[in-house]
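So the chains spell out like this:
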Amino acid sequence: MRLGARILKTGLAITLALYIATWLGFDPPVYAALAAVFAVQPSVYRSLVTILDQIQANVISAVLAVIFVLSFGHEPFVVGVVVVLVIAINLKLGKESIIPLAVVTAIIIMEAPSEDFISFASSRFLLIMIGVGASFLVNLIFLPPKHENQLFHKITDANEQIIQWIRLMTRHEADYSTLKQDLKKLKEAIVKMDNLFLLYKDERTYFKKNEYSRMRKVVLFRQMLHGLSKGMDILQSLSKHENNMQRMPHELQDLVKDQLDELTNYQERILLKYIGKVRPQTTEDLYEEVDSGKRQLTDVFFNLHEDKRMDRDEWIHFFPVVALIVEYSEELEHLDRLVDSFFTYHKEDNEVEIQERD
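In short, a report on the structure. (Residues numbered from 1 in each chain as written. Predicted model: local features only at pLDDT ≥ 70, side-chain atom pairs only at ≥ 80, totals over all residues. Heavy atoms only, no water.)

**So, the packing of helix H2 (residues 30-39) against helix H5 (residues 99-110)**
Put simply, H2 and H5 touch, their axes get as near as 9 Å, and they point 165° apart. As the angle between them shows, H2 and H5 are arranged roughly antiparallel. The handedness of the crossing between H2 and H5 comes out as right-handed. Here Tyr31, Leu34, Ala35, Phe38 and Ala39 of H2 come into contact with H5, specifically with Pro100, Leu101, Val104 and Ile108. The residue makeup of the contact of H2 with H5, split by class, is 9 nonpolar, no polar and no charged. (Axes fitted to C-alpha atoms, helices over the stretch in contact; angles between N-to-C directions. Helix = DSSP H or I, 4+ residues; strand = E, 2+ residues; numbered from the N terminus. Parallel < 35°, antiparallel > 145°, perpendicular 65-115°, else oblique. Left-handed = near helix turned anticlockwise from the far one by under 90°. Contact = heavy atoms within 4.5 Å. Nonpolar A, V, L, I, M, F, W, Y, C, P; charged D, E, K, R; others polar.)

What follows is the structure, encoded as structure tokens:
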């Protein structure tokens with residue numbers, strides 16, 4: 001089992017929060033550790049964005065907790081009312097991600113002893129803020145996330161699986177029970193990649209020159225995900241229209257197989273070109289082949305529409321597959337142009353930092 005950066009950051013934040021709380025003489029320091037758990041963010045940028053929200057939410061929770069305890073006491077129903085109010089206020093402010101920490105703050109403060117309540121409540125509020133501060137420092141200093149590296153490898157892994165299944169489908173060799181299981185896993189993987197891309201997109205760098213380069217990469221990775229998604233659409237469409245495909249003329253079946261072989265090979269070469277393993281001229285040749293194959297495929301497909309021997313219903317049902325192949329081709333052509341542009345312009349600023357996996 002591999003420990004992710006967020007798990008390690010959480011451990012560091014808890015340790016730091018406990019040390020600071022103990023050093024400052026706060027008791028019990030465990031409240032600072034508890035707050036640190038909820039305050040850890042997956043990226044530096046998210047940490048910078050949420051720190052002010054966390055402070056605001058905790059202040060609101062603390063004020064409500066103090067007012068209600070002084071007015072109505074420590075009864076359980078009073079705690080429940082305050083928690084509901086805290087959740088409602090944060091939902092109204094659009095700060096859903098801060099709710100768990102805000103609720104914990106309210107509960108911890110309301111459980112302070114009645115004697116000298118204000119002093120105890122203040123102490124516990126400060127413990128919460130120590131935990132938040134410790135998490136912020138850990139996010140800022142330790143274990144900077146490698147979202148670019150993670151995202152690229154996840155894209156290439158999913159792409160490899162999709163390509164394998166497409167090649168099996170076009171040769172009518174796929175096992176459908178296994179394909180069904182893999183399709184479900186691939187859909188989940190794509191959702192996770194979309195979330196990882198959002199983290200990568202949200203990241204910021206300290207220097208403007210590096211930020212421009214990173215934003216060019218964001219555009220590239222967005223297009224990589226578009227190409228991956230389009231490949232997934234083709235796989236699902238082939239699975240859905242397998243029977244229709246087998247009833248198509250052999251000429252069309254062979255063209256579909258050849259065109260998808262060229263496209264999947266083209267996509268693999270583009271990704272390898274991005275990390276410097278393929279010469280640019282290689283994809284230029286593939287681009288010509290893909291474009292020629294796309295025109296040939298669409299010409300044959302639409303000529304079949306006029307063929308009297310062709311069943312129109314079968315032609316119509318197979319139309320989505322051909323349309324997706326054309327879209328897939330266009331997405332890859334666009335990705336290829338973006339990669340070429342990335343390495344042609346601002347070359348001194350653009351650096352690829354993809355590392356080989358262990």
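Anyway, onward from the coordinates.
**Digging into the pattern of salt bridges**
Per the stated rule, a full pass over the model turns up 9 salt bridges. The closest approach of N and O atoms between Lys95 and Asp53, which form a salt bridge, is 2.9 Å. You can see Lys95 sitting in the loop between helix H4 (76-92) and H5 and its partner Asp53 sitting in helix H3 (residues 44-72), a full 42 residues away along the chain. For the salt bridge of Lys230 with Asp233, the shortest nitrogen-to-oxygen distance reads 3.9 Å. Placement of both Lys230 and Asp233 in helix H9 (residues 208-240) is noted, with a separation of 3 residues, approximately one turn of the helix. Judged by its relative accessible area of 13%, Lys230 falls in the buried class. One salt-bridge network, held together by shared partners, links Lys230, Asp233 and Glu327. (Salt bridge = Lys/Arg side-chain N within 4 Å of Asp/Glu carboxyl O. Buried < 20%, exposed > 50% of the residue type's maximum accessible area, 1.4 Å probe, protein only.)

**What to know about the packing of H2 against helix H6 (residues 117-141)**
It is the contact of H2 with H6, at a shortest axis distance of 7 Å, that shows an interaxial angle of 45°. Compared by their axis directions, H2 and H6 come out oblique. When you trace H2 past H6, the crossing you get is right-handed. Contacts between H2 and H6 involve Tyr31, Ala32, Ala35, Ala36 and Ala39 on the former and, on the latter, Arg124, Leu127, Ile128, Ile130, Gly131, Val132, Ser135 and Asn139. Looking at side-chain class alone, the contact of H2 with H6 contains 9 nonpolar, 3 polar and 1 charged residues.

**Describing the side chain of Asn90**
Position of Asn90 among the secondary structure elements: in helix H4. Excluding its chain neighbours within four sequence positions, the residues that come into contact with Asn90 are Ala57, Lys95, Glu96, Ile99 and Ala102.

**Some details on unusual backbone geometry**
With omega at -5°, the peptide bond leading from Asp27 into Pro28 counts as cis. On the secondary structure map, Pro28 appears in the loop between helix H1 (5-23) and H2. Phi is positive for His172, close to 60°, though the residue is something other than glycine. Examined against the element boundaries, His172 turns out to sit in the loop between helix H7 (147-170) and helix H8 (176-202). According to the relative accessible area criterion, His172 is partly exposed, its value standing at 35%.

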